[in-house]
Amino acid sequence: MAYELKQIPENNVQHGMLRKKIHIDKSQCYFLVLIGVAGLLRLLLIYAHWPTTDSDESVIMLMAQHIAFQGEHPVFFYGQPYMGALEAYIAAPLFRVLGPSTLHARLGLILLFLLFLVAMYMLTTRLFSKGLALLTVSLLALGTPDIFLYQLRAYGRYPDILLLGALIVLFTSLLTTRTFHPRTRHILYTALGVTIGLALWIDQIILPYVGLSLLTILLFRQQDLRHRSWLSLLLGFLVGAAPLLYYNVTAPIDRNSLNVLLDINRSIAAKMEAQHLPAIRKPIGALLIALPAATGLTSSCTAHDFPFFGTTSSAFCVVTHGLWSLGFLCLLGGTCVFTIRACIRAFKHTADKERAALLCNRLILLLGAAAIFVLYLNSASAAVDPAPTSRYLYSMSLATPALLWPLWQGMRTFPRVSTWQRKAIALLAGALLALCTAFFCAGTYRTFADIPRAQQIQQQQTELVQYLLRHHITRLYTEYWTCNKLIFQSQEQVICAVLDESLRPGQDRYTPYLERVKAASNPAYLFPQHSPQAQRFEQEIYAHQKHTFRRELVAGYVLYYPHQE
């Protein structure tokens with residue numbers, strides 16, 4: 001917001017009076033409109049029950065409910081001691097004031113996302129231009145079903161890690177491109193430390209951005225570190241990462257966050273080996289499935305449409321997804337090369353240190369995104385299940401302004417160039433920007449078109465919960481993606497435990513629920529129709545004990561519960 005001091009008439013000046021006029025320029029007005037549109041789109045979606053909730057989101061909401069009404073203080077997502085519980089703590093006061101519901105939990109996510117847009121506008125304005133900042137916010141305000149999904153479903157890390165990542169780069173850019181009063185400088189270092197600590201508590205996938213930011217500060221602000229600014233940075237980090245540090249100091253060594261993460265990675269690699277999946281699935285899964293989904297391609301293709309993932313592959317899907325990823329990686333790689341060369345030139349001219357710092361901050365965005373993609377490309381997740389794990393690439397959207405910058409610059413040079421070659425390049429840049437915008441608009445339309453399906457699923461889930469309560473079926477075994485939904489939507493009147501596909505104990509994230517089901521004398525069994533659990537229960541148990549169980553079909557589920565005495 002710009003402030004303009006306006007001189008007032010002579011007689012008033014004699015009395016020492018000055019009137020301050022607050023002026024908001026056009027770009028800020030447009031930005032406020034974009035923020036309003038982004039918030040409204042997401043409010044409409046969550047009000048219409050899109051996206052449908054699932055068991056992982058229900059865990060976050062149960063945590064928030066326990067924080068708000070039972071005085072619990074979980075450090076991590078239940079059962080995952082490496083992913084911070086910030087979203088549960090944000091939802092808890094909303095539950096206290098408005099009551100527990102999926103809608104109220106998602107209000108906090110919208111707030112986090114809007115704050116992310118504010119941070120991106122400030123960062124892009126600082127590193128590039130106001131025009132590009134508006135374009136960046138415009139595209140980020142839109143989305144595709146995959147992108148909206150991770151913004152609006154409380155999974156515990158996605159909107160918050162984007163906000164914290166943008167703040168880390170913003171604080172780094174301020175510290176490396178401007179000179180501040182010592183007190184202000186210490187405040188900024190403390191804020192940077194707190195932000196880094198919170199980000200690492202929530203999700204360690206942000207590490208590439210953290211490492212690049214700290215390296216940039218080391219390159220350009222060595223004098224600050226000599227003046228004990230590092231103490232402010234360290235103090236802020238200890239405050240932000242306090243939950244993470246406390247847990248890992250008190251937890252057994254085999255259950256600390258690092259070992260748990262390593263165990264998960266080893267288990268995914270073991271699954272890949274057990275299924276005899278070829279290594280070629282890694283690049284195919286990363287390039288043709290995960291990267292397009294994470295970066296905004298609107299498509300109806302599924303994993304089964306690609307080689308080595310299905311029995312047949314679709315040429316259309318391979319070509320469109322392949323061209324999208326090729327274009328994205330060429331843009332990312334080319335922009336990285338040009339920015340690195342510009343950095344080297346700026347370093348050679350010591351008088352241009354501020355420009356060198358500016359370019360290095362742009363590189364944080366680009367190299368951070370590249371590092372996250374390379375890490376994913378080399379992981380077993382890309383081979384085993386690339387569609388849902390595309391969410392690991394979500395933080396690459398921090399690089400949006402840096403990727404758009406060459407296209408933006410090329411398009412704006414069109415009126416000033418005379419040769420046909422440069423005009424063609426400018427037209428191509430404009431066409432690519434228009435294509436990206438069209439894809440995001442199409443994705444937004446497709447998301448809203450999916451609302452009727454989401455409402456139908458919500459209605460079925462409500463019908464199921466009401467049936468269980470009406471028949472006093474409150475202790476049961478089911479599969480993972482049903483269990484926690486039932487517990488939250490019934491406000492913990494229905495309690496369940498998880499069975500895997502072999503009907504053995506599955507992933508119960510909150511052990512008190514499991515103990516309550518075990519203590520029940522006659523628990524019921526509930527499985528989605530045609531699920532592996534339903535088929536196995538039908539063949540191995542119900543077929544031999546029909547006199548023991550009553551079988552009902554309810555809202556797409558098969559329910560087996562003991563006959564009433």
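Residues numbered from 1 in each chain as written. Predicted model: local features only at pLDDT ≥ 70, side-chain atom pairs only at ≥ 80, totals over all residues. Heavy atoms only, no water.

A. Highlighting the overall build of the protein chain. Scanning the protein chain from N- to C-terminus turns up 25 helices and seven strands. Along the first, second and third principal axes, the C-alpha atoms of the protein chain reach 95 × 60 × 50 Å. When each of the 565 residues of the protein chain is scored for burial, the buried share is 51%. Across the protein chain, every contact between residues at least 6 apart in sequence was considered, and the portion connecting residues at least 24 apart equals 70%. Carbon and sulfur atoms provide 62% of the accessible area of the protein chain, an area that totals close to 27200 Å². (Helix = DSSP H or I, 4+ residues; strand = E, 2+ residues; numbered from the N terminus. Buried < 20%, exposed > 50% of the residue type's maximum accessible area, 1.4 Å probe, protein only. Contact = heavy atoms within 4.5 Å. Areas by Shrake-Rupley, 256 points an atom, 1.4 Å probe, with all protein chains shown as cover.)

B. Region of the structure containing the packing of helix 5 (residues 102-127) against helix 8 (residues 158-177). Closest axis-to-axis distance for the helix 5/helix 8 pair is 8 Å, and the angle between their directions is 25 degrees. Taken together, the axes of helix 5 and helix 8 lie roughly parallel to each other. The crossing of helix 5 and helix 8 is left-handed. Residues Leu-109, Leu-112, Phe-113, Leu-115, Phe-116, Ala-119, Met-120, Met-122, Leu-123, Arg-126 and Leu-127 of helix 5 pack against Pro-159, Asp-160, Leu-162, Leu-163, Ala-166, Leu-167, Val-169, Leu-170, Ser-173, Leu-174 and Thr-177 of helix 8. Residues belonging to the contact of helix 5 with helix 8 are distributed by class as follows: 18 nonpolar, two polar and two charged. (Axes fitted to C-alpha atoms, helices over the stretch in contact; angles between N-to-C directions. Parallel < 35°, antiparallel > 145°, perpendicular 65-115°, else oblique. Left-handed = near helix turned anticlockwise from the far one by under 90°. Nonpolar A, V, L, I, M, F, W, Y, C, P; charged D, E, K, R; others polar.)

C. Layout of the sheet that holds strand 5 (residues 524-528). Overall, mixed pairing links the five strands, which are arranged 4-3-5-7-6 in an open sheet. Of all strands in the sheet, those bounded by a partner on one side alone are strand 4 (495-498) and strand 6 (549-554). This sheet shows a mean twist of 25 degrees between the axes of neighbouring strands, independent of strand direction. The pairing of strand 3 (residues 475-478) with strand 5 spans two bridges and is classified as parallel. Looking at the pairing, Tyr-477 lines up with Tyr-525 of strand 5. (Pairing = 2+ DSSP bridges.)

D. Expanded view of the pattern of salt bridges. Within the structure shown, the criterion is met by 12 salt bridges. The salt bridge partner of Asp-54 is Arg-153, with a shortest N-O separation of 3.3 Å. In this pair, Asp-54 sits in the loop between helix 2 (26-47) and helix 3 (55-70) while Arg-153 sits in the loop between helix 7 (145-152) and helix 8, placing the two residues 99 residues apart along the sequence. The exposure classification of Asp-54 matches that of Arg-153, with both residues buried. With a closest N to O distance of 2.4 Å, Asp-263 and Arg-266 form a salt bridge. Taken as a pair, Asp-263 and Arg-266 lie in helix 14 (residues 257-274) at a separation of three residues, close to a single helical turn. (Salt bridge = Lys/Arg side-chain N within 4 Å of Asp/Glu carboxyl O.)

E. The state of the cysteines, seen in detail. In this structure the tally under the stated criterion is two disulfides. Covalently, Cys-301 is tied to Cys-317 through a disulfide, its sulfur atoms 2.0 Å apart. On the sign convention where negative means left-handed, the S-S torsion of about -90 degrees between Cys-301 and Cys-317 marks this disulfide as left-handed. Linking Cys-301 in the loop between helix 15 (281-295) and helix 16 (315-348) with Cys-317 in helix 16, this pair joins segments that are 16 residues apart in sequence. Each member of the pair, Cys-301 together with Cys-317, is buried. For the protein chain, the bonded cysteines pair up as 1-2, 3-4 when numbered in the order they occur along the sequence. No disulfide involves Cys-330; its sulfur sits 12 Å from that of Cys-336, the nearest cysteine. Here Cys-441 is not disulfide-linked; the sulfur of Cys-436 is the nearest cysteine sulfur, at 11 Å. What makes Cys-441 partly exposed here is its relative accessible area of 40%. (Disulfide = S-S within 2.5 Å.)

F. Representation of helix 8. For helix 8, spanning 20 residues, the distance from its first C-alpha to its last is 29 Å, which sits close to the expected 28 Å at 1.5 Å a residue. Here helix 8 lies mainly inside the structure; 19 of its 20 residues are buried. (Expected span 1.5 Å × (residues − 1).)

G. View of helix 15. The end-to-end C-alpha distance of helix 15 is 20 Å, a good match for the 21 Å that 15 residues give at a rise of 1.5 Å each. The principal kink in helix 15, of about 30 degrees, is found at Leu-287. Within helix 15, 12 of the 15 residues are buried, leaving the element largely enclosed by the surrounding structure. Burial in helix 15 covers these residues: Arg-281, Ile-284, Gly-285, Ala-286, Leu-288, Ile-289, Ala-290, Leu-291, Pro-292, Ala-293, Ala-294 and Thr-295. Count one or two residues on from helix 15 and you reach Gly-296, which has phi positive near 110 degrees. (Bend = angle between axes of the 7 residues up to and from the residue.)

H. Layout of the nonpolar core. Formed by 166 residues in total, the largest nonpolar core has its most connected members in Phe-116, Leu-117, Leu-393, Leu-468 and Leu-476. Beyond its immediate chain neighbours, meaning those up to four positions away, Leu-476 contacts Leu-468, Leu-486, Val-494, Ile-495, Cys-496, Ala-497, Val-517, Pro-523, Ala-524, Tyr-525 and Leu-526. Leu-288, Ile-289, Phe-306 and Phe-309 belong to the second-largest nonpolar core, a separate cluster that totals seven residues. (Core = buried A, V, L, I, M, F, W, Y, C linked by side-chain atoms within 4.5 Å.)

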